Amino acid sequence: MTYDSNEIAGHLDAVARRPLGRGFTRDGKSKILEVNSLAEIISKICPEEWQQDKAQAFETAIRQAICRLEGSLTPRMLMQEAGYWLFNLAGGEPHSDIEPLYLDGVGKQKYSAIRDNLAKRAGLPGTPNGTTVTTRIQELRIALAKELIALSEDDRRSRLCAAKRKALPEGTPWPFRLIEPRAEGIPELEALLDGSVLTPDICHAGGAADRRVMHDGEELGIADSLSWLASQSGRTVFLYGDRGDGKTSYINLLAARSLETHIFLRWERIELGFDVGQLEEYRERVVTLMGGRPSDSSPTVVVVYSLPPYGDDDAEQRLVRALRVRQHDRTDRVIVLVEGRRGDLDRLADKVRPECISLAPINRMEADQWAQLLKKAHSTATSKGMAPEKLAAKYPHLPEFLQLDRNTQEEHLADSTSPLIVKLLQAVYGEGMWTKLREELEDLEQEDRKAYMHICMASMAGGTLPDTMLTVLAPGSDLDDRSNRDPWIRNSEGRHSARHQYIAQVVLEKSWIKRRTLLQECVNDLVKHLRSGREYGDVLRQVALAVREVDHVSRISDRDGLRNILLTSIRRALSEVENLDRILHSQAPTDYWHHAAWAQVLSDLAADPETGLALLRANDKLLSISESLPECPNHDRVTYYRVRNRVRRLKMVDEFDFDAACEAVTLMASTVHAEWREAGFYVDLFSWSRDALQEWGIREFEGENIDRGELLYKKLSEALEWYRALTPEAEQVERFSKQYGSLVAGPLHYQLPAKALALLKHSWQFSVDLENPNSRTGELYAEALLDRRNRGASTSPSSREEAVQVLRIVLDSPLIPSYAPYLLVTNTKEEDLPREWFLERIEVAGSGAINGEARGYLTHARALAEKNLDKRIPILLDAIKHYAKASHDRLRGGEARGFSRTDTRMSVAWDRACGDLQRVGFPKWSDHRKQYQRFSAKYRP
């Protein structure tokens, strides 16, 4: 049996981690790695020894593994025997040329003694800190597996390193770059002390602690993750975790540990679109340069695509379109690793159906590794001659943190309430970390300060600034000195970024009050150079997208202040540019996505008539250009943007009325396209339908308005359903659902009697699905089920049963509508109604401030629940008194409209109360009916 090198590596690692008693036997779905395959590896890495003495070849390989652990084997222990027991080949057939031997006459049955003896002879302590011998043997086995893999891959590794660089020559137009970390420890551990280790450009294996990820409920370490990734050829993998929690450093670790088996690339230019074909072309070049055929499956190429931290709908659409094409035509073997947050996954999962992995929370062992790295960084700084007082001034909290006991350090770094970068910075700077980051800016010279603010703006939006661009924006800045983490970073491609997006945002948040003018200058610089090149516009557009959705980092007031100053500056600067649409069109005349993205930004920036109308005019022209471009995905999308633009303009000049809303909703309903269903579309559809219904007076429920009203309610429901499916923002969904419930719970039940039932049912079920039943909607839905207008001359038993079930849920809610108890008691048999529970719920419903009509319903319900007829009569009289007073007050207040029909709520209840008096034999019941008839006659038209 033969295996390629990737399979051998995967098997060896998997076998090394199996329980000691399993060895190379079958384990679940894993293949059996035959002894022959292990022999095959050793025959390749020790060919001369293998020809002369196979036992000596095993000895050579195993000794190298032992030496790596600084252990030793005594001459008394034969190496082939160590290899046999180390890999626990019991259960499989031994290699014919390697006879299993025994130690000091101990039989094979006494395995534990052999295992212990092996540990001792390997020079490994038996049980340090509670570690079992078994664990030590496991470590030795894993070390041996890694050593064998590394030895067998040495030649391949050197060829791979050379090939992957040759395949990506300098000056390539491809929008991705190699992630090339050094596999050994990093010489500049100080990078850890300022957060740089978590950025894409500090990629040293020794500078970050190992992390685990979760896949289908199983934890994967670095080695396991690499093996698993290799099995995902041609697929999309989504890595998600919180912002600042170490997704990038985890990917750096993967790249650092896989130089001989994987190639990691980072897709950098998201504005250029995502082309999997370019990646496969690159992979084939590497394979060819290594002497293989393009059809070979190795090496494993992983391209990392980082979703923008703030919504860039167009970049996301390009990615989705490329991955969907790939799903239908999988001719490539490249693995796409998308990194983002949980919300990004929720939004994209149904569109691209990726395999999902998530960062596991830092455990105590990993926290200890981070603490040890901080200690090592401190020692490195000291050994370089930094005086203690200077060290304390630069890293004020670090000495104190290192003096803490191990448990306290671990508890801080394993705390799940803060992202990893914040925990590391707090360990170094303490509570003054925000001030320390701001002081970095204040300590710079004027031009360096301006350059740093430009870099922070771009980094906050998920971008970088090239040398050429930064030189123009801040011509006097000392880029060479400042970009060595003092205070920002320049990567090997000459692109500048803050040490982390969190750091960039904090610097801007903590500086905008004092440096408001400088921030405005930075915006004006970008606008001034719009004609110079597209990259200036791209940065400005990304910043405009980002600041609308920046996360809360330190204080909400700082975030909101930064957002307002930047948006106001961008809005004003762009509105003053003459021929803005022509300038933007000239940057990318045939790129639909460029035009559509700018149209979206201009629409979002148009907040007031002073600057907004100019931006919307440019928006219209860009949309007209977009529709004529061959890359336009569908004209419905452009129609949607145009409708959205028109509504913004009408609202800006206060001309968005019921007719305009109906027209907009109708157009929207005709444009929705399955390929670009987005939460934003349904927010607009919902909002416009809601606005129209709120302006729709009861007197307008006639003629064609009935049909238009039905359309609005249907689109309101559809928008809410889709928005709920597309967004992870539970609070926003709940807010919209409450608005929906209040609209449905308005005059709808009475004004659209033939069409209300389905809408009421949807609203009620929707609130139940959200685990927050809307009691007002439930009451109306039950009433509609019982209404003869919905069911003909009588109510069916099934409808009545459903109504009763709904009313029971409503009465168990904290807010009980006053009419619900009356509905329940009048539609439930006396023996089926729990009397004590019912009376208690009536008391809860009446405990708030309610009007006379509501008091009448509750009193009437309590009367009907009273079994003693003598006691029921005075309660009924009290209910009638409340009905009469409410009617009198309504008539006196000129609110007769709505009471003209004898089947309206209070009219029916009052009339029934009079009938209830008659049924219980009250002698003056007719006087109360006459009182009711006199009042109701005044309401008839």
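Right above here is the structure, for reference.
Residue positions are counted from 1 within each chain, in the order its sequence is given. In view of the model being predicted, local features appear only for residues whose pLDDT reaches at least 70, and side-chain atom pairs are presented and counted only at 80 or more, with totals across whole chains, interfaces and linings using the full set of residues. Excluding hydrogens and water, the side-chain values take into account all heavy atoms of the structure.

### Details of the overall build of the chain
- A count of helical and extended segments in the chain gives 44 helices and 11 strands.
- Under the scheme applied here, a residue whose accessible area is under 20% of the maximum for its type counts as buried, over 50% as exposed, and between as partly exposed, the area being computed with a 1.4 Å probe on protein chains only. Here the chain holds 941 residues, and 54% of them are scored as buried.
- In what follows, a contact means two residues having at least one pair of non-hydrogen atoms within 4.5 Å. The contacts of the chain with a sequence gap of at least 6 include a subset with a gap of at least 24, amounting to 71%.
- On the chain, roughly 41600 Å² of surface is accessible, and the fraction owed to carbon and sulfur atoms is 47%. Helix and strand definitions here come from DSSP, where helices need a minimum of 4 consecutive H or I residues and strands a minimum of 2 consecutive E residues; each element is numbered from the N-terminal end. Residue-level accessible areas treat just the shown protein chains as cover; the underlying method is Shrake-Rupley with a 1.4 Å probe.

### Focus on the side chain of Thr-859
- Its location among the elements puts Thr-859 in helix H41 (residues 852-864).
- Any pair of N or O atoms that falls within 3.5 Å is considered a polar contact. Within protein, one atom must be able to donate a hydrogen and the other to accept it, and sequence-neighbouring residues count only if both atoms are side-chain atoms. Among the polar contacts listed, one links the side chain of Thr-859 to the backbone oxygen of Arg-855, at a separation of 2.7 Å.
- Ignoring any residue separated from it by four or fewer positions in sequence, one finds Thr-859 in contact with Ile-875, Asp-878, Ala-879 and His-882.

### Focus on helix H13 (residues 364-383)
- With 20 residues, H13 should cover 28 Å at 1.5 Å per step; its first-to-last C-alpha distance of 28 Å lies within 8% of that length.
- Turning to H13, its buried residues number three or more, namely Glu-366, Ala-367, Asp-368, Trp-370, Ala-371, Leu-373, Leu-374, Ala-377, His-378, Thr-380 and Ala-381.
- Lining the buried residues of H13 we find helix H14 (388-394), helix H15 (398-403), helix H16 (406-413) and helix H17 (420-429).
- Phi turns positive, to about 95°, at Gly-385, one or two residues after H13. By definition here, a helix of n residues has an expected span of 1.5 Å times n minus one.

### Quick word on the side chain of Ser-569
- Tracing the backbone shows Ser-569 in helix H25 (residues 556-575).
- The exposure class of Ser-569 is buried, given its relative accessible area of 10%.
- Excluding residues that lie within four positions of it along the chain, Ser-569 makes contacts with Gln-520 and Val-523.

### Some points on the pairing of strand S5 (residues 262-267)
- Of all the 6 residues making up S5, 6 are buried; the element is thus mostly covered by neighbouring parts of the structure.
- Of the two faces of S5, both are covered, the one formed by His-262, Phe-264 and Arg-266 as well as the one formed by Ile-263, Leu-265 and Trp-267.
- With 3 bridges connecting them, strand S1 (residues 176-178) and S5 associate as antiparallel partners. Residue pairing across strands places Leu-178 opposite Leu-265, the latter belonging to S5.
- Note on pairing: two strands pair once DSSP finds at least 2 bridges between them. Summarising the sheet, S5 and strand S6 (residues 300-306) pair through 5 bridges and their orientation is parallel. Counterpart to His-262 in the pairing with S6 is Thr-300.

### A short note on unusual backbone geometry
- Of note, the amide linkage connecting Asp-486 to Pro-487 takes the cis form, showing an omega dihedral of 10°.
- For Pro-487, the location among the structural elements is in the loop between helix H21 (479-482) and strand S10 (489-490).
- Within the chain, Asp-216 stands out as a residue other than glycine whose phi angle is a positive 50°.
- If you trace the backbone, Asp-216 turns up in the loop between strand S2 (213-215) and strand S3 (218-220).

### Description of the pattern of salt bridges
- For this analysis, a salt bridge means a side-chain nitrogen from Lys or Arg found within 4 Å of a carboxyl oxygen belonging to Asp or Glu. Enumeration according to the criterion identifies 42 salt bridges in this entry.
- Across the pair Asp-194 and Arg-485 runs a salt bridge, and its minimum N-O distance is 3.0 Å. Of this pair, Asp-194 sits in the loop between S1 and S2 while Arg-485 sits in the loop between H21 and S10, and the two are 291 residues apart along the sequence.
- On the basis of relative accessible area, Asp-194 is assigned to the buried category, the value being 8%.
- Here Arg-835 makes a salt bridge to Glu-866, at a shortest N to O gap of 3.1 Å. Residue Arg-835 is located in helix H40 (residues 835-845), and its partner Glu-866 is located in the loop between H41 and helix H42 (869-892); the two are separated by 31 residues in the primary sequence.
- For Glu-866, a relative accessible area of 14% puts it in the buried group.
- Sharing partners across several salt bridges, the network here consists of Asp-194, Glu-440, Arg-485 and Arg-499.

### Focus: the sheet that holds strand S8 (residues 355-359)
- Pairing within the open sheet is mixed, and its 8 strands lie in the order S1-S5-S6-S7-S4-S8-S2-S3. In the strand order of this sheet, the two ends are held by S1 and S3, each with one partner. Ignoring strand direction, the axes of neighbouring strands in this sheet form an average angle of 30°.
- Axis geometry follows a simple rule: fit a line to the C-alpha atoms, using only the stretch in contact for helices, then measure angles between N-to-C directions, giving values from 0 to 180 degrees. Running at roughly 85° to S5, helix H8 (residues 222-230) makes contact with S2, S3, strand S4 (236-240), S5, S6, strand S7 (335-340) and S8 of the sheet.
- Contacts between helix H12 (residues 342-352) and the sheet are confined to S4, S7 and S8, with S4 contributing the most and set at about 150° to the helix.

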